Each structure stands twice: as C-alpha cells, then as structure tokens.
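Structural description and commentary
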Amino acid sequence: MTYDCIVIGAGLAGLVSGLRLAEAGLQVLIIAKGHGATHWAHGAVGVAHGSSPAATVTYLAGQPNHPYARAGLAALAPALNLLQAHCAAADYPFSGDLARNQYLPTALGARLPLAFVPATMAAGAVPRADAAALLIAGFQELRDFFPSLMAANLRAQGVAAQAQWLSLPTTARRHGFTPTILAELFEQPSFRQAVGRQLRAVRGTATQIAFPAVLGQSQAARVVADLSDHAGVPVFEVPTLPPSVPGMRLYTILAQAFTSAGGRIQLGSWITRVESNAGRITALYSAAAAREQRHQAATFLLATGGIAGGGFRAEQSGQLTETALGLPVVAPAHRGAWFANQFIAPQPIHTAGILTDAALRPIAANGAPLYTNLVVAGAALGGTDLIREGSYEGVALATGWYAAGTVLNDLLGVREPVDQAATFTKELL
Amino acid sequence: MSDPILQSLEQSLDHCIKCNICTTACPVAAVTDLFPGPKYVGPQAQRFRRPGQPSPDHSVDYCSGCRVCNMVCPTGVKIAELNARARAEIVAERGLPLRNRLLGRAELLGQVGDLFAPLANWTLRNGPLRQVIERTIGVDRHAPLPPFSGQTFRRIFRKRRGRLRSATKKVVFFHGCATNYYEPHVGLAAVEVLEHNGFEVILARQRCCGLPMLSNGEFAAARQQHEANLQTLLPWVRRGYPIVGTSTSCTLTLKEEAPELLGIHSADARLLTAHTWDICEFLRDLHERGELRTDFALPPEFTDGPLPYHPPCQLRAHRIGRPALDLLTLIPGLRVAESEAACCGIAGTYGLKQEKYQIGMDVGAGLFRFVRETAATMPQPLALCDSETCRWQITHGSAVPTKHPIEILRDAYRAGGNLTGTQVH
C-alpha cells in the first residue's frame, strides 16, 4: 500500500490538509498517536487578537518567520470555506467574519476573541455593561464548570451576570456525568425539554443564557435551538475544560468528511523512525505489536503540534526534540531561557518550532530543505506564540491548507491560484 | 520493580495528563455507570495499588479490555494493560468464580463439546437449559455461543488430499480454539489462500493461546499455556518459519498480550513474538514485496454492496492499520464500507456473562445498526470481521451472517479460476 501522502497528526491542521488532499483525489493516510488538540480546544476558530483578525494577520505576516508569513489570508480563506462547508453539511454551521472578532466568555469569565463560532455559541457574544443580563446555568453533577465563578468574574468586568444551578432530569444513570455523557443525554428531546422548562422558570430578566458546552453531539445546533425555544431567550455554549465536546464535534465532522473522500485514519500509532534516500523520505515506521509497521508514500506532511500537542518533547538536557521524525527544533538555547519572569508574559519556549522555507518544507540552519517531499503545518511551525496571539486554529487552518497545496503542486503540478488569492486579500482589507 | 514490563506500565501512568480523552472514547462507560471510565480505574486508581494492600477499585472488572483507551490516548498510557493486571490482582485476592474459570478454558470446552457435539449443540439451543446454565453459573441465556462443528479443523486438515509441499516456503498455521472446534471453514480458507501462494502449511502442536484466561484474570494458568506454546512453536520459529493465525486475538496474545501481561520477556518469547503474524498482515506484507498472487475476480454474490466490515478491537490492538481492507481493495469491483464503531461489545468472554450481557449489547448497538443498514442493500446480506467472538456477536445483534475476510479472499481467488490448492467442501 503506497499512499500519495501520509499526514502525521490528527488535529485541526492534519485533518484540514488531509481533507484537501483526499478531496483532490489523492490516496491519503492520517496517522496519529491518538486524539489530541481537537479534543482539548474550545472548538471555535480563533484567528488572531485585535478587533479585526484580518488586519492582525496581515500585520503578523510581516514577521519573517511567522506561519502567517508563509500562509496568510490567501490560504486562510479557502481553508475556512472548506471547514464551513463541511460543518454546514453536518447541520453544525459556523458563522463569523475575518474582519471582526466576536468576544465570547470562557468558563472563567474571560473574553476570548474568535473569528468563527459554531451555531451553538453564536448567541454568546459578551454583552456590554449597559446592555443585556446574562444567566449562567449548569449542573452540579458536571465537574469543572462553576456558574458562580464565571458570573463573579464577568460582574467584575461590569457585565450583569447571575449564576444558577439546575437540577438534572432523572435518567437511568446515577453518576459519571461527563461532558460526553451529558451531550448524549441532550440528544434526547425529552431531556432537553425538561432542562428548557427549568431555564424558563429561573431565567428572570435574563436576555441570554450561558450553558457549559455539552449541548448535544451530532444534533447540537438543533439542541441549542430547542433549548432556546423552551427557555424563551437565546441559549449559548461556553467551552469547558477538556474533554471538549465542541472540539469532538469538529473532529468527527472533519474525520468523516476525510474518510468519505477515501482517506484512511490510523490512531494509536507512534512514529518510530524514518527511512530516506537522496533527500527524500521513502517510508515511515510506526510502533506495533511484534514489529514496526512500514508506511510508504510519495509525500509526507507533519502536523503533530507543538509542546502541548505532543509534537515536541524536552530532554533532560533542556534540548527540544521533534517526536515523529527527529527534525531540528528552533528553541531557546537552555532551560533558563524558556520562561519569562512573570506568569502573564510572553514565554520564549512557546515560540519553539520547526524552521521552514516559503513552501513549508523544513529546512536546516543553512536554509536547505531537510527532505524535499516533506511539509509541516500547524503548531509545530513555531516562530510565534499561538496561544497568546489567539491564532491557534487560524494557523492550523491556513498552514494545513497551504502545506497541502505544496503537496498537490509537487504531485499534480497544481499551482496555487495566486492572483485570485491576492484579490481576495485586498477585498478583506 | 525487577520486572521491566511492570516498570514500563507503572511509568506509563505518569504520562497521564488527565485529559479524559479515554473516558470520552470508552464504549463501556458510555452505556453504564457501573464502569467509571478508563482514566479513573486505570492510571488514577493505579496510584493506590500496592503489594499487600487491598484493591481500591473493583469496578475495574467492568473494563471489557477492548483497548480503545490505548488507541486514543495522546500520551501513550497503557491503560488496558494496567486494568488487566488490576483484575488479576482482584482474582488473586478473592478467587475466581467457576463461570470465569470455565470461560477461560476455551480449549477444554472445545474438547468436551467436540466429543458430544450433537448433545452439546442441543443444550446450547435449549431455552430452559440455558436458563438453568444462567442461574447456576451466570452465562447469559441469550449470549451468542456458537455450535460445535463436530469435526475439528485438525482432523479435517489431516484428511485432506494433495496438500501442497514446498521445500522453501512454509508457514505454521495457528488455528486457535475457535477455528479448531467451531469454524474449521475459516482455517481451510486460510490454507487454500496460503497454498495458492505457494506456501506449505504446517500444523504444529499448539494449545489455547491463553487469552480467555488473561482476560478473566487467571494469570498463572495463562502462563502455562504460553509456555507450552513456546515449547512447540519455537523449533519452527528457529527454522525461520512464520506463525500465521486467522484469530486476531490469538495472534495478539502470542505477539504481545501474554509476554507483556505475564512479564515473560526471555529471548525465546521475543523470538516467537517476532515471527507471529495475523493472516491478513502476512498477506499484505507479501503483497508489499510483490509476492502475493493477485489473480482475484469478483465473486458474483458481491457485485452489489458495499460489504460492511468491522475492524475488531483485538485487530486494532495490533496497531497495523487495516490489513484486511488493504487486501480487499485488490479484488476488482469489490466495495467495502468500514464501520466506525468502537466495539461490538462481546470483548471475548465479557458479553457472555449474565451481569455484562446487556452492557455488551448496548455497546454493540451502533455497530449492529450499521451492519443491518449497510447489508440491507445486498441480496444475501453479509458482514466481515476478523475476530471470531465478534463475528458471533455481530450476527447475534444484527441477524446478518458474518465471515472472516480470508473467506472472501479465497472466494475471489476461486472466482479468478486459478486456485491451485486442494478444495475442501
């Protein structure tokens, strides 16, 4: 079995690049250690801080090693189209605007700038101090979501927020109400009707109701619409601590789209080594029972994430290694230089990453490509602090799309439609 | 901590970052609150398990051992192995119920059932007797127990005429208990396919791989099984012959489950591991080296489709992708639809037990629906799965007959018209 492309990593960058390649008719394998970043993250799309994400992306693209300098708005726009098309087809539409961020409250009551949000979060833009009243509801049975904590922090920012525990409708289950279990319960119309009735009874003067993001799995948009109907005011989801139900929805939609397009996903497989010849990777090996499995492909795409995603690991010496292929990682010289003196400050270690050329091929210190048939996408790229910038998903989407473009270019001779992209960028700005 | 495997299990729990991804994927925790989830009974409870201390968490017995947790864990925690060892400690503390002792002895059951096949099969089909069995030993009256074939695979194999001999290409076939006592036709399909590719098939002496004992926490007995297999299989392995099996659970046990759970890591055990193959993995490897015959044609009964295929948990635990799917794509015109279900619910002997039967059926509900809906488009509905107990459970839950992929490959070689091996009907 020889693939056209093997994508390493099943997070947002890996899924989007794999999907683009599979839809272009290529034979693609996505191989990954397990589930990862999608199941941890909020499941919406952060592109960049600032009132206009597009303007911030353009600014960031001016920094020579920033991922947006390689794959900016021209790649981000078609990647978002791909994501939105598949999510809409799965009755989980995303809405938003690259010209304007929406600010959604987190479970701590902070404001998270997001460019695109799923329909379940759409009613959640944080109200202005002089405007509406917000009710934050939840179940005590769900660990790690505290309406009163969130309400107190929002009140400190001038938002009229109140907290309310609801009583969990009786079910066959007595304990173990994890986010996924609750999401399954909300798929049942009778369950959400019972919750909706309670919301109506306790809502008072509230004009919006926030709820932990456990409102359904495959029918989430429908669940939120029904709850809003029952409650009489718009209900929206607030991302929880991991595991993230909205992130799982995104994974499921993209993974199903990928396999429907003929792609194959292999989880639970750790890359152990790489085989190369004359500057090209010829095969990868993954750990398996009894013996390694050999995987052959014409091209390879690394999307294993950064430190959080497990793409890098720190050795005792303080040196960072890239865990799948052993690529060189650009990072602070020693442990002492990893962190700033203050917790809330840019942390140098967060900028660690793999250096690439303009086509996202990893390069050595002298600028020469390490392998001519390998590209890198997502948080493994480094060169910036994605969390701090609020650009985690934006970079994953843009570079995933763009890296897949390099692969298509190499394999099929497809050129990126540069002129069209430039026009599009101009329109946005 | 002299046992390096125990050490690696213990160390793997320190990689747990408490993200609960395993809990979201666990098919058992999704359908019952008797099992709190892999993170809680695995890496979390493991911190409280110390030699000489009572077991902190008996709910670990509700782990089905499907290993979905291992597959999705982003940090490599060996959750299923931690749970299997924890169950063995509970068995050591409290003793083993008669039912579990029986279910662990697949080979003994097979031998007895083979001797009295008509009577045994009548008993298994007899409703009132099954109620008695349920009440006395706790095997659920509805659980899918297959009929004994009445002729063991070994006996049929020895009676075959015109067996292929080869001076250079030989494989040892590990048939396991299911093929020997219940489904000889699966073994015969494998023999036909191997012989068609020029391999002489050797039937070495072999015992039950011991997996049913391992999954019921009876480690000492499982060790005896593995050591007996080492003795009879090693002489062949030393001559360089691969051990090939159609049961994904037997081959997984020889490869990894037995050595890892029992802490058997001698050079001999490693040698056996290195020579053991799942049949489809073996054939795929041949194909990748350009040595597999590809004179397949589409058997007329499969012109419609797609055929639903479920990759069983014990295959996924090999971590070798989907070798059966890779091979089936070589059959021109065959369409296959892969199930996305986590598990069929049977997990070896788990779903046979009275207190777990319904959990198993609830776990498998999504798969049964997928199989029924997909197979509905075929004039003669059929599903595919590599593992025997899963096939029985899929058929039990969906009423769709289920075959091993090797049977389809054999049919496709036959349809190709050049099958050289001896056919057995």
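Calculation rules
- Residues numbered from 1 in each chain as written.
- Chains lettered and ligands numbered in written order.
- Predicted model: local features only at pLDDT ≥ 70, side-chain atom pairs only at ≥ 80, totals over all residues.
- Heavy atoms only, no water.
- Buried < 20%, exposed > 50% of the residue type's maximum accessible area, 1.4 Å probe, protein only.
- Helix = DSSP H or I, 4+ residues; strand = E, 2+ residues; numbered from the N terminus.
- Pairing = 2+ DSSP bridges.
- Contact = heavy atoms within 4.5 Å.
- Buried area = accessible area lost by both parts, 1.4 Å probe.
- Salt bridge = Lys/Arg side-chain N within 4 Å of Asp/Glu carboxyl O.
- Polar contact = N/O pair within 3.5 Å; in protein donor to acceptor, adjacent residues only side chain to side chain.
- Nonpolar A, V, L, I, M, F, W, Y, C, P; charged D, E, K, R; others polar.
- Axes fitted to C-alpha atoms, helices over the stretch in contact; angles between N-to-C directions.

Here we take up the pairing of strand S14 (residues 293-302) of chain A. All names here are of chain A. Summarising burial for S14: 7 of the 10 residues are buried, a large majority. Sheet analysis places strand S1 (residues 2-8) next to S14, joined by 6 bridges and oriented parallel. Within the sheet, the bridge partner assigned to Ile6 lies in S14 and is Phe300. In this structure, strand S13 (residues 280-286) lies alongside S14, joined through 4 bridges in antiparallel fashion. Bridge pairing links Tyr285 to Arg294 in S14. Bridge analysis of S14 against strand S17 (residues 374-376) gives 3 bridges, and the strand direction is parallel. Across the sheet, residue Phe300 finds its bridge partner in S17, namely Leu374.

Turning our eyes to something else, we now look at the interface of chain B and chain A. On the side of chain A, 32 residues touch chain B, which itself brings 40 residues to the contact. Here chain B packs against chain A, burying approximately 2,800 Å² in sum over the two surfaces, 51% of which is carbon and sulfur. Looking only at chain B, the three residues that lose the most surface to chain A are Thr24, Asp33 and Arg319 of chain B, adding up to 24% of its buried area. Counting the contacts that link chain B with chain A gives 3 salt bridges. A salt bridge links Asp326 of chain B to Arg264 of chain A, with the nearest nitrogen and oxygen atoms 2.7 Å apart. Linking chain B with chain A are 13 residue pairs in polar contact (both at pLDDT 80 or more), by the criterion used here. Here the residues of the side of chain B that touches chain A are counted per class, giving 18 nonpolar, 11 polar and 11 charged.

A few words on the sheet that holds strand S1 (residues 170-174) of chain B. All names here are of chain B. Judged by pairing direction, the sheet is parallel, and its 4 strands sit side by side in the order S2-S1-S3-S4 without closing on themselves. The sheet is open, and its two edges are formed by strand S2 (200-202) and strand S4 (276-278), each paired on a single side. Adjacent strand axes in the sheet meet at a mean angle of 35°, parallel and antiparallel pairs treated alike.

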